[in-house]
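Observations on the model geometry
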Amino acid sequence: MAGPTGRGGSLGDALNDLLRSQVTARHRLPSYNAKHWHAQLSQLTATHRGQQALTDAGLHVTSKTLINWLSDSQYNVRRSYLDIIHTAYENVAVVPADPIPRHIKRGQYEISGDVKTGDDERTRGTVDAAPLRIDGTRGNWDAIEEFWFAGELTDDEFEDHFIDDVIVEDIGEGTDGWEFPGGSYSVELR
């Protein structure tokens, strides 16, 4: 029985496709696009979540001051308050990534596509060569998780760390390291 599968033009692209099919990545809410402090403050004060973000960011002003700010977009607000408003706005605008689930870190991977180690280069996942099978339980997922939570897990970063921290941890360095020089990959999680 086939498990979740990611596909892409590189190993990293296929891995990211697989991961994003399982969990939500860090992203920015499209409705939070205000640039001016007044528009940001107006949007924040309109919701309980936004008001909490202002409090959490350290905005402690009286209701009268807040009303004055909201009633006049040209009000002269101190730089320190502008920074707090902006911080609160960004905290609400950005939705953090879901944690990488256990079944991803503990899964068995079957990689299909061009795989090279030393002079051995072949297309895996065909009738001539089985998929490259990797045991994710032996991997060190710390760096991958760090990039994931920061919203910086690019295809290249994922591929590099998956090779170094998961493949090498499972089956070793290979003849001269591992390369995935192809243009089409699928990664199935079992």
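These lines cover the structure that appears in this document, whether it is placed above or below. The shown structure was predicted, so the numbers you read here are calculated from the model rather than taken from an experiment.

A few points about the overall build of the chain
Within the chain one finds 8 helices and 7 strands. By the compact-globule yardstick of 16 Å for 190 residues, the chain is too spread out, its C-alpha radius of gyration being 23 Å. When its C-alpha atoms are laid out on the principal axes, the chain stretches across 75 × 35 × 25 Å. Scored against the burial criterion, the 190 residues of the chain give a buried share of 42%. Pairs at least 24 residues apart make up 74% of the contacts formed inside the chain by residues separated by at least 6 positions. Per element, the accessible surface of the chain, about 10500 Å² overall, is 46% carbon and sulfur. Here the chain holds 18 positive side-chain charges and 31 negative ones, and the gap between their average locations is 9 Å.

Thoughts on the nonpolar core
The biggest cluster of nonpolar side chains holds 30 residues, and the ones touching the most others in it are Y109, I111, F162 and F180. Taken together, the elements giving at least two residues each to this core come down to α1 (11–22), β4 (108–117), β6 (132–135), α7 (142–150), α8 (155–171) and β7 (185–189). For this core, the element with the highest residue contribution is α8, accounting for 6 residues. Counting 18 residues, the second largest nonpolar core, distinct from the first, contains L44, W69, Y81 and Y89.

Remarks on the packing of aromatic side chains
Scanning the model with the defined rule gives 7 aromatic pairs in all. Ring geometry for W69 against Y81: centres 5.2 Å apart, planes inclined by 55 degrees, an arrangement best described as tilted. Here the residue W69 occupies a position in helix α4 (residues 63–71), and Y81 occupies one in helix α5 (residues 79–93), the gap between them amounting to 12 residues. Note on F158 and F162: the rings are 6.4 Å apart at their centroids and 75 degrees apart in plane angle, and the pair reads as edge-to-face. With a gap of 4 residues between them, F158 and F162 both fall in helix α8, about one helical turn apart. In this structure, F158 and F162 share a single accessibility class: buried. Members of the aromatic cluster, each reached through a chain of ring pairs, are Y109, W141, F158 and F162.

With respect to a negative patch on the surface
Together, D119, E121, D176 and E179 make up a region of like negative charge exposed at the surface. A relative accessible area of 60% places D176 in the exposed class.

A closer look at the pattern of salt bridges
When charged atoms on two side chains of opposite charge get close, those side chains can pair. All chains considered together, the criterion is met by 9 salt bridges. For E110, the salt bridge is made with R190, and the minimal N-O distance between the two is 3.3 Å. Remark: R190 occurs in the segment after β7 and E110 occurs in strand β4; sequence separation between them is 80 residues. Judged by relative accessible area, R190 falls into the partly exposed class, the value being 48%. Through salt bridges with shared partners, a single network forms among E110, R133, E188 and R190.

Description of α8
F162 marks the point of greatest bend in α8, at about 35 degrees. Where α8 is buried, its residues touch α1, β4, β6 and α7. Phi turns positive, to about 95 degrees, at G172, one or two residues after α8.

Remarks on the packing of helix α3 (residues 48–57) against α5
Packing of α3 against α5 brings their axes to within 8 Å, and their N-to-C directions diverge by 130 degrees. In terms of axis orientation, α3 runs oblique to α5. The handedness of the crossing between α3 and α5 comes out as right-handed. Residues R49, G50, A53, L54 and A57 of α3 form the contact with α5, whose participating residues are I84, I85, T87, A88, N91 and V92. A class-by-class count of the residues in the contact of α3 with α5 yields 7 nonpolar, 3 polar and 1 charged.

Cut-off values and rules
- For every chain, the first residue of its written sequence is number 1, and the numbers climb from 1 along that sequence.
- Local features in this predicted model are restricted to residues whose pLDDT is 70 or higher, and side-chain atom pairs enter the listing and the counts only when it is 80 or higher, whereas totals over whole chains, interfaces and linings include all residues.
- Note that the side-chain values use all heavy atoms of the structure and ignore hydrogens as well as water.
- The numbering of helices and of strands both runs from the N terminus, where a helix is a DSSP run of H or I of at least 4 residues and a strand a run of E of at least 2.
- C-alpha atoms define the radius of gyration in this analysis, and the globule rule sets the expected value at 2.2 Å times the number of residues to the power 0.38.
- The rule is simple: take the accessible area with a 1.4 Å probe, protein chains only, and divide by the maximum for that residue type; under 20% is buried, over 50% is exposed, in between is partly exposed.
- When checking whether two residues touch, look at their non-hydrogen atoms; a contact exists if any pair is within 4.5 Å.
- Residue exposure ignores everything except the shown protein chains as possible cover, and the areas themselves are Shrake-Rupley values with a 1.4 Å probe.
- Lys and Arg are tallied as positive, Asp and Glu as negative. Neither His nor the chain termini are counted.
- To locate a charge, take atom NZ for lysine, CZ for arginine, CG for aspartate or CD for glutamate.
- What we call a nonpolar core is a set of buried Ala, Val, Leu, Ile, Met, Phe, Trp, Tyr and Cys residues that are connected through their side-chain atoms within 4.5 Å.
- Between 30 and 60 degrees the pair is tilted, below 30 it is stacked and above 60 it is edge-to-face, where a pair is any two Phe, Tyr or Trp rings, Trp via its six-membered ring, whose centres lie within 6.5 Å.
- Think of a patch as exposed residues, more than 30% relative accessible area, with no salt bridge, where like charges cluster within 9 Å and nonpolar side chains (Val, Leu, Ile, Met, Phe, Trp, Tyr) cluster within 5 Å.
- What counts as a salt bridge is simple: a side-chain nitrogen of Lys or Arg found within 4 Å of a carboxyl oxygen of Asp or Glu.
- What the bend at a residue measures is the angle between two axes, fitted to the seven residues ending there and to the seven starting there.
- Working convention: axes come from line fits to C-alpha atoms, limited for helices to the stretch in contact. Angles between N-to-C directions cover 0 to 180 degrees.
- Throughout, the term roughly parallel applies to angles under 35 degrees, roughly antiparallel to angles over 145, roughly perpendicular to angles from 65 to 115, and oblique to all others.
- In this scheme the handedness of a crossing depends on how the near helix is turned from the far one: anticlockwise by less than a right angle means left-handed, clockwise means right-handed.
- As a working rule, the residues Ala, Val, Leu, Ile, Met, Phe, Trp, Tyr, Cys and Pro are called nonpolar, Asp, Glu, Lys and Arg charged, and the rest polar, with Gly in that last group.

That is the geometry; function is a separate question.
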